[in-house]
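# Structure at a glance
Take a look at the letters that make up each chain.
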Amino acid sequence: MSASGAGRMYGGVTGEQRIAERRRKLIEAGMSLFGSPGSGSVRVKDVVAEAALTERYFYESFSDLDALFDAVLELANETVESAVNAAVVEAPDDAISRISIALRTSTETMARDPRIIRVIFIEALGKGGRASARRNEILVRAAENFFRWSGTDMGDFDSSPVEIRMKTFALTGAASEVLISWAEGLLDVTAVELADFLVGLYWRIDLP
């Protein structure tokens, strides 16, 4: 769409707003499709049908399905991170309390929307065809989040002692594998039981 067309008003809505709304619908459609057991066979035509749009509007916002998946993955990550960031605002200063809140909030948030579990822990981290390209990026992001959530005066993750970074990656990797198994249906436990286990895992690994 041209710059002038994008800014033109129709029914009190600008072109930019219409584009943003179509993009939102496509991302939500992608969340539903990539977050479903049949995610491996998702096509552009499936996405636009789910969003009640046409392929023209898909390519208005995304170059291909990988670009859409990146946006869906970002939404999934931001949904969890926003919930945890809000929950730890009033948390005590000690790391155990803060990470306990973070782990429980993360698990509860994902349990409320199982699509998030599948997008992050199967499609992006597990056996999904998109896993290899994003695995390290996701694990680093999770490790940095755990480090940040563990305390307000912890400094910068990249410049922290190597032992702390190793422990953080160890927890992140172990927690991710447990969550993948849960997402795959290999662990018949509730979200509360899973959170209890992850909190205990954190306590035993003795992160600062």
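Our subject is the structure listed above.
Let us look at the structure shown here.

Calculation notes
Residues numbered from 1 in each chain as written. Predicted model: local features only at pLDDT ≥ 70, side-chain atom pairs only at ≥ 80, totals over all residues. Heavy atoms only, no water. Helix = DSSP H or I, 4+ residues; strand = E, 2+ residues; numbered from the N terminus. Expected span 1.5 Å × (residues − 1). Buried < 20%, exposed > 50% of the residue type's maximum accessible area, 1.4 Å probe, protein only. Patch = residues over 30% accessible without salt bridge, like charges linked within 9 Å, V, L, I, M, F, W, Y side chains within 5 Å. Areas by Shrake-Rupley, 256 points an atom, 1.4 Å probe, with all protein chains shown as cover. Salt bridge = Lys/Arg side-chain N within 4 Å of Asp/Glu carboxyl O. Contact = heavy atoms within 4.5 Å.

### A few points about helix α6 (residues 95-112)
The terminal C-alpha atoms of α6, which comprises 18 residues, lie 26 Å apart, in line with the 26 Å expected from a rise of 1.5 Å per residue. Every buried residue belonging to α6 is among A95, R98, I99, S100, A102, L103, T105, S106, T107, T109 and M110, and all of these are buried.

### Notes on a nonpolar patch on the surface
A contiguous nonpolar patch, built from L186, L187 and V189 and spanning about 260 Å² of accessible area, is present on the exposed surface. Among the secondary structure elements, L186 is positioned in the loop between α9 (162-183) and α10 (191-205). A relative accessible area of 64% means that L186 is categorised as exposed.

### Re helix α7 (residues 114-124)
Within α7, nine of the eleven residues are buried, which leaves it mostly tucked inside the rest of the structure. Listing the buried residues of α7 in full gives I116, I117, R118, V119, I120, F121, I122, E123 and A124.

### Let's talk about the side chain of S176
By the element assignment, S176 lies in helix α9. Overall, the relative accessible area of 7% leaves S176 in the buried class. The contact partners of S176, leaving out residues within four places of it in the chain, are F121, L125 and L139.

### Side note on the pattern of salt bridges
This model, assessed by the stated rule, comprises ten salt bridges. A salt bridge links R24 to E21; the shortest N-O distance between them is 2.7 Å. Note that R24 and E21 are positioned in helix α2 (residues 15-34) at a spacing of three residues, about one turn of the helix. Residue R24 is classed as partly exposed on the basis of its relative accessible area of 45%. With a closest N to O distance of 3.0 Å, E177 and R135 form a salt bridge. In this pair, E177 sits in helix α9 while R135 sits in helix α8 (residues 131-149), placing the two residues 42 residues apart along the sequence. For R135, a relative accessible area of 28% translates into the label partly exposed.

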